[in-house]
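A look at the structure
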Amino acid sequence: MGPTLAGILDAAAQGRFPPPDGGTTVVPQAGHRDAGVLAFTAHSVVFTDEEPRWVYDTLAALDCDALAATMNPRFLAAFLDRTGRSTDTVDLLTVASALPGEPPLELHELTDPEHPRVAGSRKRRDDVRVWAARGGVVVLGRGVAGRWETAVEVDEDVRHRGLGRALATAARHLVPDGRPVWSQQAAGNARSVRAFQAAGYRPVGAEALLIAL
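Here's a quick rundown of the structure. Just so it is clear, the model here is predicted, and its values are computed rather than measured. (Residues numbered from 1 in each chain as written. Predicted model: local features only at pLDDT ≥ 70, side-chain atom pairs only at ≥ 80, totals over all residues. Heavy atoms only, no water.)

A few words now on the side chain of Thr48. Looking at the element boundaries, Thr48 is found in the loop between strand 3 (43–47) and helix 2 (52–60). Given a relative accessible area of 3%, Thr48 falls into the buried group. At 3.0 Å, the side chain of Thr48 forms a polar contact with the backbone nitrogen of Glu50. Leave out the neighbours within four places in its chain, and Thr48 touches Val26, Val27, Pro28, Gln29, Val55 and Phe79. (Helix = DSSP H or I, 4+ residues; strand = E, 2+ residues; numbered from the N terminus. Buried < 20%, exposed > 50% of the residue type's maximum accessible area, 1.4 Å probe, protein only. Polar contact = N/O pair within 3.5 Å; in protein donor to acceptor, adjacent residues only side chain to side chain. Contact = heavy atoms within 4.5 Å.)

As structure tokens, this is what we get:
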């Protein structure tokens, strides 16, 4: 049996990555909602239910550095057209281990399913839970291949006070079963990148996530 997306992600969370051989591994989607690309150091993983031959042929036809081909806009555009999906951006993919004990700030859980942050998160994740702090929120839910993912929001009028870092740290205390917690940050969102890295999230690669319409 070949590698699975869940197995690749579990290994990456432990610091074990695909070989840096310039290759591309194609694996099936873990579910209908999520397809996409993971780019690790000198090795990419494309998760899709399309034929692997289509992936390899499309990559080979690109006039670009082979190491960058899976994240090349022409490949991503072809992938979107082929699957009829949508995407937002290429994200930095980060991961952190769970932490024991209670979060380092006061939180209360939002249980209203119509709350905009709850409703929005449920479009991309399962088992979503949302907690609010004064000036921000932290979200946990199961995303790609069932991994636990987090996202945070900080109100503009309380920025630059360490709240983003505290919320990202809180997710490490809130994640169930001592599992790793993942987060994506847009590469241009330097403020978010700094907050998550200050909270102990390690960069493992880049991710382009294609969502079913």
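This brings us to helix 2. Within helix 2, burial applies to Trp54, Val55, Thr58 and Leu59. Along the axis of helix 2, the buried positions cluster into a sector of 125°, meaning they face one direction only. Exposed side of helix 2, more than 90 degrees from the buried face: Arg53 and Ala60 are the residues found there. Buried residues belonging to helix 2 abut strand 1 (23–27), strand 3 and helix 3 (73–83). (Arc of directions from axis to C-beta.)

Attention now moves to the environment of Val37. Position of Val37 among the secondary structure elements: in strand 2 (residues 34–40). Along the sequence, Val37 and Ala166 sit 129 residues apart, while their C-alpha atoms lie 30 Å from each other. Setting aside chain neighbours within four positions, we find Val37 in contact with Val45, Val46, Phe47, Thr70, Met71, Phe75, Leu76, Phe79, Ala206, Glu207 and Ala208.

Counted according to the given criterion, the structure contains one cavity of 30 Å³ or more. In this structure, the largest cavity occupies an estimated 50 Å³ of space. In terms of lining, the largest cavity is formed by Gly22, Gly23, Thr24, Phe40, Ala42, His43, Ser44, Ala66, Leu67 and Thr70. Put simply, the parts of the chain that give the lining of the largest cavity at least two residues each are strand 1 and strand 3. Broken down by class, the residue content of the lining of the largest cavity amounts to four nonpolar, six polar and no charged. (1 Å grid on protein atoms, 1.4 Å probe; cavity = no way out; pocket = protein on both sides within 12 Å on 5 of 7 lines; lining within 4 Å. Points joined across faces, edges and corners; volume = space filled by probe spheres on them. Nonpolar A, V, L, I, M, F, W, Y, C, P; charged D, E, K, R; others polar.)

Counting residues in hydrophobic clusters, the biggest one holds 20 residues, and the most contacted among them are Leu140, Leu167 and Tyr201. The set of elements that each furnish at least two residues to this core consists of strand 7 (126–133), strand 8 (136–142), strand 9 (148–154) and helix 5 (163–174). Among the elements that make up this core, the one with the highest residue count is helix 5 (six residues). Excluding its chain neighbours within four sequence positions, the residues that come into contact with Leu140 are Asp127, Val128, Arg129, Trp131, Glu149, Thr150, Ala171, Leu174, Val175 and Val181. Counting 17 residues, the second largest nonpolar core, distinct from the first, contains Leu5, Leu9, Leu38 and Val204. (Core = buried A, V, L, I, M, F, W, Y, C linked by side-chain atoms within 4.5 Å.)

Before going further, it helps to spend a moment on the pattern of salt bridges. Here the structure, examined in full by the defined rule, presents 11 salt bridges. For Arg82, the salt bridge identified is with Glu50, shortest N-O distance 2.9 Å. Here Arg82 is found in helix 3, whereas its partner Glu50 is found in the loop between strand 3 and helix 2, with 32 residues between them in sequence. A salt bridge links Glu149 to Arg125, with the shortest nitrogen-to-oxygen separation between them at 2.9 Å. Of this pair, Glu149 sits in strand 9 while Arg125 sits in the loop between helix 4 (116–122) and strand 7, and the two are 24 residues apart along the sequence. (Salt bridge = Lys/Arg side-chain N within 4 Å of Asp/Glu carboxyl O.)

Looking now at the packing of aromatic side chains. A full pass over the atoms with the stated rule returns five aromatic pairs. With 6.1 Å between their ring centres and 50° between their planes, Trp54 and Phe79 make a pair best called tilted. Here Trp54, found in helix 2, pairs with Phe79, found in helix 3; they are 25 residues apart in sequence, far enough to count as distant. Of the two residues, Trp54 and Phe79, both sit in the buried class. Where Phe75 meets Phe79, the ring centres are 5.6 Å apart and the plane angle is 40°; that geometry is what we call tilted. Linking Phe75 with Phe79, this pair stays in helix 3, spanning four residues, or about one helical turn. By relative accessible area, which is 0% here, Phe75 ends up buried. Every member of this aromatic cluster is reached through a ring pair, and the members are Trp54, Phe75 and Phe79. (Phe/Tyr/Trp six-rings, centres within 6.5 Å; stacked < 30°, edge-to-face > 60°.)

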